[in-house]
There are 2 protein chains.
Amino acid sequence: MISLRPIGYVVGLLVLALGAAMLLPALIDLPTEAGASGTFALSSVVTMMAGLTLILSCANSRTRGLDIRQTFLLTVACWLSLPIFGAIPLWTGPVPVSYTDAFFEAMSGLTTTGSTIYSDLDQLSRGTLLWRALLQWMGGVGIIVFALAFLPMLKVGGMQLFRSEAFDTFGKILPRAAEIAGSISGIYLVLTLACALSYGAAGMGLFDAITHAMTTVATGGFANYNNSFAAFTPAAEYMAAIFMILASLPFVRYIQLVAGAHQPLFHDSQIRAFLAILAGAVLVLALWQTAVSEQPTEPAFRKALFNATSIMTGTGYASANYNLWGSFPVAVIFLIGLIGGCAGSTCCSVKVFRFQLLFAALVSQIRQLHSPSGVFRPRYEGRTVADDVMSSVVAFFVMFMLTLGVVTAILGLMGLDMITALSGAATAVANIGPGLGPEIGPAGNFAGLPDQAKWVLAMAMLIGRLELMSVYVLFTVAFWRG
Amino acid sequence: MISLRPIGYVVGLLVLALGAAMLLPALIDLPTEAGASGTFALSSVVTMMAGLTLILSCANSRTRGLDIRQTFLLTVACWLSLPIFGAIPLWTGPVPVSYTDAFFEAMSGLTTTGSTIYSDLDQLSRGTLLWRALLQWMGGVGIIVFALAFLPMLKVGGMQLFRSEAFDTFGKILPRAAEIAGSISGIYLVLTLACALSYGAAGMGLFDAITHAMTTVATGGFANYNNSFAAFTPAAEYMAAIFMILASLPFVRYIQLVAGAHQPLFHDSQIRAFLAILAGAVLVLALWQTAVSEQPTEPAFRKALFNATSIMTGTGYASANYNLWGSFPVAVIFLIGLIGGCAGSTCCSVKVFRFQLLFAALVSQIRQLHSPSGVFRPRYEGRTVADDVMSSVVAFFVMFMLTLGVVTAILGLMGLDMITALSGAATAVANIGPGLGPEIGPAGNFAGLPDQAKWVLAMAMLIGRLELMSVYVLFTVAFWRG
Ligand SMILES: [K+]
Ligand SMILES: [K+]
């Protein structure tokens, strides 16, 4: 039997913290009459009480560190229980939504996906907008800690590649997570503040600057206005592009930078590949916009930069309805969304290093073809890629494609058209935010989907955010027997 | 410098043989006035003279075995020069087509793809129909020899897995190819005769039985009538399904069977996986046809069996316009076409063993997740998969997806609609035959595509048929420098 008490204890702590965070929107909505101050206060009390109950009922088992199965269970339990409580203030707030919608929104927030079920953001109170931003901001830092502390030790999806970097003290998994969270939080906070200041300088109001900084650094993509970033100045678009990129680099590099080592940041091959692919996509889209659609150069470059960065980093803001750019640009945008940013950032999707590993396999195969008697093994960052890393990455791709296929098929059987089903599946599994097509594209929202489709998409977000295998391992017989 | 003379010598021999083969259609068209007897005779003379010239001009270099680069060049040179000559009688025949169309048809024949540019097969002479069948039949045995003699030694696409089976005498590559061709040809001929007899028993005329047996055993799919297999009896459909399946199994197993060992045939995990996937697809399609489309059981099962087998084995006959079955059955049919049959058969596409290796990587990853401190390596047929095999397979998938994407994009830029572009690319790279949609679907043909699209598709057939890397290696700098 797996002992569930240590898991309950940690989940309880996080639920308590989530409840405490609800006091912020409660405070900010106090002055406004139409606000949701009471809702948030009440939800906060309920959530904190639930957290406390869980803590107390599990407290008598001293946490002596978690074993591997407990770690997997903890991961999924956290990312399932937080949206359950995070949805409460949205569900019971002054803008009425069903619990399905509230849960979808909370899951979309905590997984930093950014798909929304609100068809009119302008009628939401500041407290509600802040809550959406907070969900993403907390989810963002949570995922970095998860990627740095849990995934490499769990050997999920090739992340063991990043194990012995920066944090090579091999402690128990929870103290280690706390230590990493400490180092990361400072950097995360500084990035958020710098982003907010830049947004302020680019003309945003204080509230918008802070909330958008939160959803930018989390590469989350929740916006405060129906027309997303098109509500702001061109300068804000440039600032957003810069901070979305900064948020997509491995946070370990920033820790090293603060410690005085700039070498690792500037010589990271994943960062180089990420920037090169992004630059290529921006160039192609800008050229298409100027040449084929005959746009003037500056807005064409800006729209290309902003929207390509937004999709490739998985943020999901829109400053233009790129659905109307033609089928070639849409294909480019769809494909870079399936690449994503760097591992160890707030980014989601497949991530650049996995494509680099595929490419390394391709190069070693071509060497092999030139001299069949030799033995060539894929190399990454100057070192031979261990076999278990390669097969983890292959397993990741297989499950990614299978998940996309199955979610698309389920959505199709629920009556969604092919483009909505496929792009909805992709945007959920890759935690991007907007899909393609008129309904869920950059100009639409997820309000009109059938309820079951929302649950399927919410689960797809969870599975994608936890790098698939962390979830699927729970469905193997050996997990529960062993 | 690569010495080209030994390559020219072998190509010359094959061109000479192709020219000699043109005498068969010349003979069969002799009695008919509207026939193409003269065309074939003339083409035969031209082709044989070209072959002889090539042989004589390259003969003074004794072939002392080929090195690795010569082997790659030879492979591509053969599959490029044979369609160039094979197209001549179609181009100059009584039914006028452009050289582009004739080359497309000849490439489609020799690669056993089976896409046709003839919009009216009924007006073709028997000689022309026989020539199309002969192209596929020769291409089919050619590809088996290529897969057994060349690919494992070249280490292309993971085929080194099959190296030491059955033919483990390690000689020079050309004598080895000749030896394998000898063993295979007998079995290939027996299968073809058995198929022709079965077709005769199922009511086909002699000529149809023989030509369709040729295109069945080659999993080629050229038919003699506009409505493909719908022209024949239900019994013929069942017979075709059986022989398409037999042609999709590894031919090495038949050699072992003839040598008295039935164990290898019945214990081959690739064969089991192939049959299981096919059975699953047939079941799903038959259930859909009876339940959703309310068809009676027998024709529903037969149509499902025949059409699923035809697409999964990459044969490409049609006995129904499955385009009209609904979007779910079409998706199933499209996907099984991308799986394909077994390695070492006349089948094309990705092939079952590569999916088995991906699945093995997945299983070893899940084991790894259960105990992260252990080391688990993918296993296939009871043995650990060598690293170079896994990275070959990964490289194959990467290039397969890239090729599909690039060909689709090029066809899209040429103005083809998305379904035609994507399914056209897939059917060419996977050598299946029919695409999807009204134009190139099972009820259509490739006549109406723009000329450039036909050349692109012909090259895609070549690249797919030679397992991609055999062609792409020629485009690396190291190949020509080394
Ligand atoms: K996002
Ligand atoms: K075919």
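Along each chain, residues carry numbers from 1 onward, in the same order as the chain's sequence is written. Chains carry letters from A onward and ligands carry numbers from 1 onward, assigned in written order. Only residues with pLDDT of at least 70 get local features here, since the model is predicted, and only at 80 or more are side-chain atom pairs given and counted; chain-wide, interface and lining totals rely on the full set of residues. The side-chain values count all of the structure's non-hydrogen atoms but skip hydrogen atoms and water molecules.

As recorded in an unreviewed UniProt entry, chain A goes by the name Trk system potassium uptake protein, listed as coming from Pontivivens ytuae. Quoted verbatim from the Function (unreviewed entry) field of the UniProt record, the comment on chain A reads "Low-affinity potassium transport system. Interacts with Trk system potassium uptake protein TrkA." UniProt positions are given in the numbering used here, feature names are shortened, and annotations may be inferred rather than shown by experiment. Per UniProt, the comment on chain A under Sequence similarities (unreviewed entry) is "Belongs to the TrkH potassium transport family."

This part is about unusual backbone geometry. Even without glycine at this site, glutamate 467 of chain A takes up a positive phi of about 60 degrees. Residue placement: glutamate 467 of chain A occurs in the loop between helix H20 (451-465) and helix H21 (469-472). Segments assigned H or I by DSSP are reported as helices when at least four residues long, segments assigned E as strands when at least two residues long, and all are numbered from the N terminus.

A few words now on the coordination of the potassium ion (ligand 1). All names here are of chain A. Donors, by definition, are the N, O and S atoms found within 2.8 Å of a metal, the threshold being 3.2 Å for Na, K and Ca, and water is not counted, so a site can look incomplete. In this structure, Thr112 (O), Thr113 (O), Thr219 (O), Gly220 (O), Gly314 (O), Thr315 (O), Asn431 (O) and Ile432 (O) serve as the protein donors to the potassium ion (ligand 1), at separations of 2.2 to 3.1 Å. If you list the donors of the potassium ion (ligand 1) from N- to C-terminus, the spacing comes out as T-T-x105-T-G-x93-G-T-x115-N-I. With threonine 113 in the loop between helix H6 (99-110) and helix H7 (126-154) and glycine 220 in the loop between helix H9 (206-217) and helix H10 (234-247), this residue pair connects regions lying 107 residues apart in the sequence. Judged by relative accessible area, threonine 113 falls into the buried class, the value being 0%. Look at glycine 220 and you get buried, because its relative accessible area is 0%. Accessibility here uses a 1.4 Å probe with only protein chains present; expressed as a share of the type maximum, an area under 20% marks a residue as buried, one over 50% as exposed, and anything in between as partly exposed.

All names here are of chain B. Mapped onto the secondary structure, proline 438 falls in helix H19 (residues 437-440). On the accessibility criterion, proline 438 (80% relative accessible area) is exposed. Apart from the residues lying within four places of it in its own chain, the contact partners of proline 438 are Asn323 and Gly444. The contact definition used throughout considers only heavy atoms, calling two residues in contact when any of these lie within 4.5 Å.

All right, on to the coordination of the potassium ion (ligand 2) then. Tetrahedral coordination by four donors sets the ideal angle at the metal to 109.5 degrees; octahedral coordination by six donors sets it to 90 or 180 degrees. All names here are of chain B. On the protein side, the potassium ion (ligand 2) has Thr112 (O), Thr113 (O), Thr219 (O), Gly220 (O), Gly314 (O), Thr315 (O), Asn431 (O) and Ile432 (O) as donor atoms, found 2.3 to 3.1 Å from it. Along the chain, the residues donating to the potassium ion (ligand 2) are arranged with the sequence spacing T-T-x105-T-G-x93-G-T-x115-N-I. One end of the pair, threonine 219, is in the loop between helix H9 (206-217) and helix H10 (234-247); the other, threonine 315, is in the loop between helix H14 (297-312) and helix H15 (327-337), and 96 residues separate them in sequence. Threonine 219 sits in the buried class, given a relative accessible area of 0%. Exposure remark for threonine 315: the relative accessible area of 0% places this residue in the buried category.

Residues and elements named next belong to chain B. Expected helix span is given by 1.5 Å per residue-to-residue step, counting one fewer step than there are residues. Relative to the 32 Å expected for 22 residues at 1.5 Å per residue, helix H3 (residues 37-58) spans 32 Å between its end C-alpha atoms, a close match to the ideal helical length. Within H3, burial applies to Ser37, Thr39, Phe40, Ser43, Ser44, Thr47, Gly51, Ile55 and Cys58. Axial view of H3: buried residues confined to an arc of 145 degrees, hence all on one face. Turned more than 90 degrees away from the buried face of H3, the exposed residues are Leu42, Met49, Thr53 and Leu56. The inward-facing, buried residues of H3 abut helix H1 (5-21), helix H2 (23-28), helix H4 (68-86), helix H5 (88-91) and helix H7 (126-154). Summarising the geometry, the arc corresponds to the directions from the helix axis toward the C-beta atoms.

All names here are of chain A. Residues given the UniProt feature "binding site: K(+)" (unreviewed entry) here are Thr112, Thr113, Gly220, Thr315 and Asn431. Spatial clustering of the annotated residues is evident: they stretch over 320 residues in sequence, but the largest pairwise C-alpha distance comes to 8.4 Å. In this view, glycine 220 contacts Thr112, Thr113, Gly114, Gln136, Thr215, Gly314, Thr315 and Ile432; residues no more than four positions away in its chain are not counted. The residues touching threonine 315, leaving out its near neighbours within four places in the chain, are Thr113, Thr215, Thr219, Gly220, Gly221, Met244, Ser310 and Ile432.

As a further point, take the packing of H6 of chain A against H7 of chain A. All names here are of chain A. To get an axis, a line is fitted to the C-alpha atoms, and for a helix only the part in contact is used. The angle between two axes follows their N-to-C directions and goes from 0 to 180 degrees. Interaxial distance between H6 and H7 falls to 7 Å at its minimum, and their mutual angle equals 40 degrees. Between H6 and H7, the crossing angle belongs to the class labelled oblique. Contact residues: Glu105, Ala106, Ser108, Gly109 and Leu110 in H6; Arg132, Leu135, Gln136 and Gly139 in H7. Following the grouping adopted for this structure description, the nonpolar residues are Ala, Val, Leu, Ile, Met, Phe, Trp, Tyr, Cys and Pro, the charged ones are Asp, Glu, Lys and Arg, and the polar ones are all others, Gly among them. Within the contact of H6 with H7, the residues separate by chemical class into 3 nonpolar, 4 polar and 2 charged. Comment on the angle field: the value is read as roughly parallel under 35 degrees, roughly antiparallel over 145, roughly perpendicular from 65 to 115, and oblique elsewhere.

Let's shift gears to the interface of chain B and chain A. On the chain A side, the residues contacting the 34 residues of chain B number 34 residues. Buried area between chain B and chain A, both sides added, is near 3100 Å², and the carbon and sulfur share of it is 74%. In the sections that follow, a salt bridge refers to a side-chain nitrogen of Lys or Arg positioned within 4 Å of a carboxyl oxygen of Asp or Glu. At the boundary of chain B with chain A, the tally comes to 0 salt bridges. Under the rule applied, a polar contact is a pair of N or O atoms within 3.5 Å (in protein, one hydrogen donor and one hydrogen acceptor; residues adjacent in sequence only if both atoms are side-chain atoms). Where chain B touches chain A, the interface holds 4 residue pairs in polar contact (both at pLDDT 80 or more). Only H4, H7, helix H16 (352-370), helix H17 (387-413) and helix H22 (477-481) of chain B provide two or more residues apiece to the side of chain B that touches chain A. When grouped by side-chain class, the residues that make up the side of chain B that touches chain A number 21 nonpolar, 9 polar and 4 charged. What counts as buried area is the accessible surface, traced by a 1.4 Å probe, that two parts surrender upon association, with contributions from both included.

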